[in-house]
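Listed here are the chains, written in short residue letters.
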Amino acid sequence: MNVQVVFVHGIRTSRTMWLSQEAHLEERGIRSVAIDLPGHGATLGDPFAIEKALAAVDRAVRTAAVDGPVLLVGHSMGGLLALSVAGSEEPPPVAGVVAASCTAFPRGAALRTYRLLASAMNALPGRGSWLTKRVLAATLPVETREHFGAGGYAYDAQDAALSSLVSLDLTASLTRIGVPLWYVNGQWDQLRVNEAQFLRLTPHAELIVVPRTTHLVTAMRPGIFNAVLDLAVASIVTRESEGAISRPEPDY
(Lines give C-alpha, C1' and ligand atoms only; values in the text may rest on other atoms or scores of the structure.)
Protein backbone atom coordinates (compact mmCIF):
# COMPACT_ATOMS: atom_id res chain seq x y z
CA MET A 1 0.00 0.00 0.00
CA ASN A 2 1.50 3.31 -1.11
CA VAL A 3 0.83 6.01 1.49
CA GLN A 4 1.26 9.53 0.10
CA VAL A 5 2.37 12.38 2.38
CA VAL A 6 1.36 16.01 1.82
CA PHE A 7 3.28 18.67 3.78
CA VAL A 8 1.97 22.17 4.56
CA HIS A 9 4.48 24.72 5.87
CA GLY A 10 4.05 27.36 8.54
CA ILE A 11 3.79 31.13 8.27
CA ARG A 12 6.62 33.11 6.65
CA THR A 13 8.61 30.04 5.58
CA SER A 14 8.05 27.70 2.59
CA ARG A 15 8.01 24.10 1.43
CA THR A 16 11.77 23.91 2.09
CA MET A 17 11.14 23.58 5.83
CA TRP A 18 10.24 19.93 5.09
CA LEU A 19 13.49 18.98 3.32
CA SER A 20 14.63 16.73 6.17
CA GLN A 21 11.29 14.94 6.30
CA GLU A 22 11.13 14.51 2.51
CA ALA A 23 14.62 12.99 2.49
CA HIS A 24 13.66 10.60 5.28
CA LEU A 25 10.54 9.42 3.47
CA GLU A 26 12.38 9.08 0.17
CA GLU A 27 14.86 6.73 1.86
CA ARG A 28 11.89 4.59 2.90
CA GLY A 29 10.36 4.64 -0.55
CA ILE A 30 7.41 6.81 0.52
CA ARG A 31 6.23 9.51 -1.87
CA SER A 32 5.66 13.02 -0.55
CA VAL A 33 4.90 16.49 -1.79
CA ALA A 34 5.45 19.79 0.03
CA ILE A 35 3.40 22.70 -1.26
CA ASP A 36 3.99 26.45 -1.17
CA LEU A 37 1.05 28.43 0.17
CA PRO A 38 -0.01 31.69 -1.54
CA GLY A 39 2.54 34.45 -0.99
CA HIS A 40 5.20 31.99 0.18
CA GLY A 41 8.10 30.21 -1.51
CA ALA A 42 7.53 29.97 -5.25
CA THR A 43 4.73 32.56 -4.99
CA LEU A 44 6.71 34.98 -2.80
CA GLY A 45 5.35 38.49 -3.24
CA ASP A 46 1.85 37.42 -4.19
CA PRO A 47 -0.98 38.38 -1.81
CA PHE A 48 -2.06 35.82 0.76
CA ALA A 49 -5.72 34.74 0.82
CA ILE A 50 -7.04 32.16 3.27
CA GLU A 51 -9.49 30.76 0.71
CA LYS A 52 -6.68 30.16 -1.78
CA ALA A 53 -4.51 28.59 0.93
CA LEU A 54 -7.25 26.14 1.92
CA ALA A 55 -7.90 25.38 -1.74
CA ALA A 56 -4.19 24.66 -2.30
CA VAL A 57 -4.15 22.13 0.55
CA ASP A 58 -7.39 20.52 -0.65
CA ARG A 59 -6.07 20.29 -4.20
CA ALA A 60 -2.77 18.74 -3.09
CA VAL A 61 -4.56 16.06 -1.08
CA ARG A 62 -6.96 15.17 -3.89
CA THR A 63 -4.09 14.93 -6.38
CA ALA A 64 -1.99 12.72 -4.09
CA ALA A 65 -4.97 10.50 -3.21
CA VAL A 66 -5.06 9.20 -6.79
CA ASP A 67 -2.01 7.09 -5.90
CA GLY A 68 -2.90 5.99 -2.37
CA PRO A 69 -4.13 7.00 1.10
CA VAL A 70 -2.91 10.45 2.15
CA LEU A 71 -1.23 11.50 5.38
CA LEU A 72 -1.65 15.28 5.70
CA VAL A 73 1.09 16.98 7.75
CA GLY A 74 1.14 20.63 8.76
CA HIS A 75 3.21 22.88 11.00
CA SER A 76 1.93 25.98 12.83
CA MET A 77 -0.29 27.86 10.36
CA GLY A 78 0.02 24.87 8.05
CA GLY A 79 -1.24 22.67 10.87
CA LEU A 80 -4.31 24.85 11.35
CA LEU A 81 -5.00 24.74 7.61
CA ALA A 82 -4.56 20.96 7.57
CA LEU A 83 -7.04 20.56 10.43
CA SER A 84 -9.50 22.89 8.72
CA VAL A 85 -9.32 20.99 5.43
CA ALA A 86 -9.50 17.54 7.06
CA GLY A 87 -12.50 18.68 9.10
CA SER A 88 -14.31 20.58 6.36
CA GLU A 89 -17.90 19.75 5.46
CA GLU A 90 -16.76 18.12 2.21
CA PRO A 91 -13.19 17.04 3.00
CA PRO A 92 -10.77 15.55 0.49
CA PRO A 93 -9.80 11.89 1.08
CA VAL A 94 -7.45 12.32 4.05
CA ALA A 95 -6.43 9.07 5.77
CA GLY A 96 -4.60 10.69 8.70
CA VAL A 97 -3.33 14.04 10.00
CA VAL A 98 -0.18 15.09 11.84
CA ALA A 99 -0.66 18.63 13.21
CA ALA A 100 2.49 20.11 14.69
CA SER A 101 2.88 23.22 16.86
CA CYS A 102 -0.66 24.48 16.28
CA THR A 103 -2.84 23.74 19.31
CA ALA A 104 -3.91 27.36 19.76
CA PHE A 105 -7.01 29.12 18.51
CA PRO A 106 -5.89 32.15 16.43
CA ARG A 107 -7.93 34.83 18.15
CA GLY A 108 -8.03 37.42 20.92
CA ALA A 109 -5.11 38.90 22.81
CA ALA A 110 -2.69 36.13 21.86
CA LEU A 111 -3.20 36.78 18.14
CA ARG A 112 -2.93 40.55 18.59
CA THR A 113 0.33 40.13 20.50
CA TYR A 114 1.74 37.81 17.83
CA ARG A 115 0.87 40.35 15.11
CA LEU A 116 2.52 43.16 17.06
CA LEU A 117 5.70 41.12 17.54
CA ALA A 118 5.76 40.21 13.84
CA SER A 119 5.30 43.86 12.91
CA ALA A 120 8.10 44.91 15.26
CA MET A 121 10.37 42.27 13.74
CA ASN A 122 9.64 43.53 10.22
CA ALA A 123 10.50 47.06 11.32
CA LEU A 124 14.05 46.07 12.25
CA PRO A 125 16.93 46.65 9.79
CA GLY A 126 16.85 43.92 7.18
CA ARG A 127 13.47 42.92 8.61
CA GLY A 128 15.29 41.23 11.46
CA SER A 129 16.93 38.62 9.25
CA TRP A 130 20.14 38.88 11.27
CA LEU A 131 18.21 38.09 14.46
CA THR A 132 16.41 35.18 12.80
CA LYS A 133 19.73 33.68 11.72
CA ARG A 134 21.15 34.01 15.22
CA VAL A 135 18.12 32.34 16.78
CA LEU A 136 18.17 29.47 14.28
CA ALA A 137 21.91 29.02 14.76
CA ALA A 138 21.41 28.78 18.51
CA THR A 139 18.48 26.37 18.45
CA LEU A 140 18.60 24.17 15.34
CA PRO A 141 21.03 21.40 14.36
CA VAL A 142 23.31 22.09 11.42
CA GLU A 143 21.49 19.70 9.10
CA THR A 144 18.19 21.61 9.27
CA ARG A 145 19.37 25.14 10.06
CA GLU A 146 19.09 26.49 6.52
CA HIS A 147 15.81 24.80 5.61
CA PHE A 148 13.44 27.43 7.00
CA GLY A 149 14.90 30.24 4.92
CA ALA A 150 15.93 28.31 1.81
CA GLY A 151 12.75 29.28 -0.04
CA GLY A 152 12.79 32.89 1.16
CA TYR A 153 10.78 34.53 3.93
CA ALA A 154 7.25 35.79 3.22
CA TYR A 155 7.53 39.04 5.20
CA ASP A 156 4.83 40.80 3.19
CA ALA A 157 2.30 37.97 3.55
CA GLN A 158 2.76 37.49 7.27
CA ASP A 159 0.28 39.98 8.71
CA ALA A 160 -2.41 39.15 6.15
CA ALA A 161 -2.00 35.47 6.94
CA LEU A 162 -2.18 36.03 10.69
CA SER A 163 -5.24 38.26 10.51
CA SER A 164 -7.11 35.87 8.21
CA LEU A 165 -6.66 32.82 10.44
CA VAL A 166 -9.36 34.15 12.75
CA SER A 167 -11.92 33.29 10.05
CA LEU A 168 -11.28 29.56 10.48
CA ASP A 169 -14.03 27.72 12.38
CA LEU A 170 -11.62 25.33 14.03
CA THR A 171 -14.06 24.14 16.69
CA ALA A 172 -16.42 22.81 14.02
CA SER A 173 -13.58 21.40 11.95
CA LEU A 174 -12.01 19.53 14.84
CA THR A 175 -15.27 17.85 15.83
CA ARG A 176 -15.67 16.53 12.28
CA ILE A 177 -12.25 14.86 12.04
CA GLY A 178 -12.66 11.10 12.32
CA VAL A 179 -9.37 9.90 10.87
CA PRO A 180 -6.25 9.14 12.95
CA LEU A 181 -4.79 12.37 14.29
CA TRP A 182 -1.52 13.17 16.01
CA TYR A 183 -0.69 16.49 17.70
CA VAL A 184 3.06 17.09 18.03
CA ASN A 185 4.19 19.94 20.30
CA GLY A 186 7.51 21.07 21.67
CA GLN A 187 7.59 21.28 25.46
CA TRP A 188 8.39 25.00 25.31
CA ASP A 189 6.05 25.89 22.44
CA GLN A 190 3.96 28.97 23.18
CA LEU A 191 1.18 27.62 20.95
CA ARG A 192 0.30 24.87 23.43
CA VAL A 193 -2.07 27.32 25.08
CA ASN A 194 -5.27 25.52 23.96
CA GLU A 195 -3.81 22.01 23.88
CA ALA A 196 -6.36 20.59 26.35
CA GLN A 197 -9.29 22.04 24.43
CA PHE A 198 -8.03 20.60 21.14
CA LEU A 199 -7.84 17.18 22.80
CA ARG A 200 -11.37 17.50 24.17
CA LEU A 201 -12.69 18.27 20.69
CA THR A 202 -10.78 15.33 19.16
CA PRO A 203 -10.81 12.64 21.87
CA HIS A 204 -9.37 10.01 19.52
CA ALA A 205 -6.24 12.08 18.85
CA GLU A 206 -2.81 11.28 20.26
CA LEU A 207 -0.63 13.97 21.80
CA ILE A 208 3.16 13.77 21.53
CA VAL A 209 5.12 16.37 23.51
CA VAL A 210 8.82 16.54 22.65
CA PRO A 211 10.94 17.50 25.69
CA ARG A 212 13.22 20.56 25.64
CA THR A 213 11.89 21.68 22.28
CA THR A 214 10.44 24.97 21.03
CA HIS A 215 7.88 25.82 18.35
CA LEU A 216 10.24 24.62 15.58
CA VAL A 217 9.85 20.98 16.56
CA THR A 218 10.19 19.63 13.01
CA ALA A 219 13.65 21.16 12.57
CA MET A 220 14.88 21.15 16.16
CA ARG A 221 14.21 17.43 16.63
CA PRO A 222 14.00 16.04 13.07
CA GLY A 223 14.72 12.47 14.15
CA ILE A 224 11.82 12.43 16.59
CA PHE A 225 9.45 14.08 14.13
CA ASN A 226 10.44 11.62 11.41
CA ALA A 227 9.69 8.79 13.83
CA VAL A 228 6.20 10.24 14.29
CA LEU A 229 5.76 10.21 10.53
CA ASP A 230 6.82 6.55 10.49
CA LEU A 231 4.24 5.81 13.18
CA ALA A 232 1.50 7.64 11.30
CA VAL A 233 2.31 5.92 7.99
CA ALA A 234 2.36 2.49 9.66
CA SER A 235 -0.96 3.21 11.37
CA ILE A 236 -2.59 4.20 8.09
CA VAL A 237 -1.27 1.08 6.35
CA THR A 238 -2.64 -1.12 9.14
CA ARG A 239 -5.99 0.68 9.22
CA GLU A 240 -6.40 0.58 5.44
CA SER A 241 -5.40 -3.10 5.29
CA GLU A 242 -7.87 -4.05 8.02
CA GLY A 243 -10.57 -2.08 6.26
CA ALA A 244 -9.88 -3.90 2.99
CA ILE A 245 -10.08 -7.28 4.73
CA SER A 246 -13.35 -6.44 6.45
CA ARG A 247 -15.04 -5.17 3.28
CA PRO A 248 -16.92 -7.95 1.46
CA GLU A 249 -16.30 -8.54 -2.20
CA PRO A 250 -19.07 -7.16 -4.46
CA ASP A 251 -21.60 -9.74 -5.61
CA TYR A 252 -21.91 -9.30 -9.35
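Our subject is the structure that appears above.
This section reports on the structure supplied with the text.

### Thoughts on the sheet that holds strand β6 (residues 206-210)
With respect to topology, 6 strands assemble into an open sheet ordered β2-β1-β3-β4-β5-β6, the strand pairing being parallel. Across the chains shown, the open sheet's two edge strands, defined by having one partner strand only, are β2 (31-35) and β6. Neighbour to neighbour, the strand axes of the sheet diverge by 20° on average, direction disregarded. Across 4 bridges, the pairing between strand β4 (residues 94-100) and strand β5 (residues 181-186) is parallel. Paired with Ala99 across the two strands is Tyr183, which belongs to β5. Against the sheet, helix α3 (residues 77-86) touches β1 (4-8), β3 (70-75), β4 and β5, its axis set at about 140° to β3.

### Notes on the side chain of Ser173
Here Ser173 shows up in helix α7 (residues 170-176). When near neighbours in sequence (up to four residues on either side) are disregarded, Ser173 contacts Leu83, Ser84 and Gly87.

### Details of the side chain of Ser20
When you line up the elements, Ser20 lands in helix α1 (residues 19-27). Those residues within four positions of Ser20 in sequence are excluded, and the remaining contacts are Thr144, His147, Pro222 and Asn226.

### Re the packing of aromatic side chains
The geometry of two aromatic rings is summed up by the distance between their centres and the angle between their planes. Tallied over the entire structure, the rule returns 5 aromatic pairs. When the ring of Trp18 is compared with that of Phe225, the centres are 6.1 Å apart and the planes differ by 35°; the resulting orientation is tilted. One end of the pair, Trp18, is in the loop between β1 and α1; the other, Phe225, is in helix α10 (residues 222-246), with 207 residues separating them in the sequence. Seen from their ring centres, Tyr183 and Phe198 are 5.9 Å apart, and the 80° between their planes marks the pair as edge-to-face. In this pair, Tyr183 is assigned in strand β5 and Phe198 in helix α8 (residues 195-201), connecting sequence segments 15 residues apart. The two residues Tyr183 and Phe198 agree in class, both being buried. A connected cluster of aromatic rings, assembled from ring pairs, spans Phe7, Trp18 and Phe225. Positioned above the aromatic ring of Tyr153 is the side chain of Arg12, whose terminal nitrogen or guanidinium carbon lies 5.0 Å from the ring centre.

### A look at α1
Helical periodicity: at 3.6 residues per turn, an α-helix aligns residues three or four positions apart in one direction. Turning to α1, its buried residues number three or more, namely Ser20, Gln21, Glu22, His24 and Leu25. One or two steps after α1, the chain reaches Gly29, where phi turns positive at roughly 75°.

### Regarding the environment of Asp58
Tracing the backbone through its elements, the reader meets Asp58 in helix α2 (residues 50-64). Placed 34 residues apart in sequence, Asp58 and Pro92 show a C-alpha to C-alpha distance of 6.1 Å.

### With respect to the environment of Gly68
With respect to the helices and strands, the residue Gly68 is situated in the loop between α2 and β3. When the C-alpha positions of Gly68 and Met1 are compared, they lie 7.1 Å apart, and in sequence the two are 67 residues distant. When near neighbours in sequence (up to four residues on either side) are disregarded, Gly68 contacts Asn2 and Gln4.

### Focus on α2
Taking 1.5 Å per residue as the helical rise, α2 with its 15 residues ought to reach 21 Å, and the 21 Å between its terminal C-alpha atoms agrees with that figure. Contact partners of the buried residues in α2: β1, β2, β3, α3, β4 and α6 (155-164).

### Things to note about the pairing of β2
Taken together, the 5 bridges between β1 and β2 define a ladder with parallel strand orientation. Counterpart to Val8 in the pairing with β2 is Ile35. Once you follow β1 into α1 and on to β2, the crossover reads as right-handed.

### Some points on the packing of α2 against α3
Interaxial distance between α2 and α3 falls to 10 Å at its minimum, and their mutual angle equals 70°. In terms of orientation, α2 lies roughly perpendicular with respect to α3. Handedness of the crossing formed by α2 with α3: right-handed. The segment α2 lies against α3, with Ile50, Ala53, Leu54, Val57 and Asp58 engaging Leu81, Ser84 and Val85. The residue makeup of the contact of α2 with α3, split by class, is 6 nonpolar, 1 polar and 1 charged.

### Brief notes about unusual backbone geometry
The backbone of Ser76 shows a phi angle near 55°, a positive value even though the residue is not glycine. Examined against the element boundaries, Ser76 turns out to sit in the loop between β3 and α3.

Here is what the cut-offs are and how they apply
Residues numbered from 1 in each chain as written. Predicted model: local features only at pLDDT ≥ 70, side-chain atom pairs only at ≥ 80, totals over all residues. Heavy atoms only, no water. Pairing = 2+ DSSP bridges. Helix = DSSP H or I, 4+ residues; strand = E, 2+ residues; numbered from the N terminus. Axes fitted to C-alpha atoms, helices over the stretch in contact; angles between N-to-C directions. Contact = heavy atoms within 4.5 Å. Phe/Tyr/Trp six-rings, centres within 6.5 Å; stacked < 30°, edge-to-face > 60°. Buried < 20%, exposed > 50% of the residue type's maximum accessible area, 1.4 Å probe, protein only. Lys NZ or Arg CZ within 6 Å of the ring centre and 35° of its normal. Expected span 1.5 Å × (residues − 1). Right-handed = clockwise from strand over helix to strand, strands pointing away. Parallel < 35°, antiparallel > 145°, perpendicular 65-115°, else oblique. Left-handed = near helix turned anticlockwise from the far one by under 90°. Nonpolar A, V, L, I, M, F, W, Y, C, P; charged D, E, K, R; others polar.

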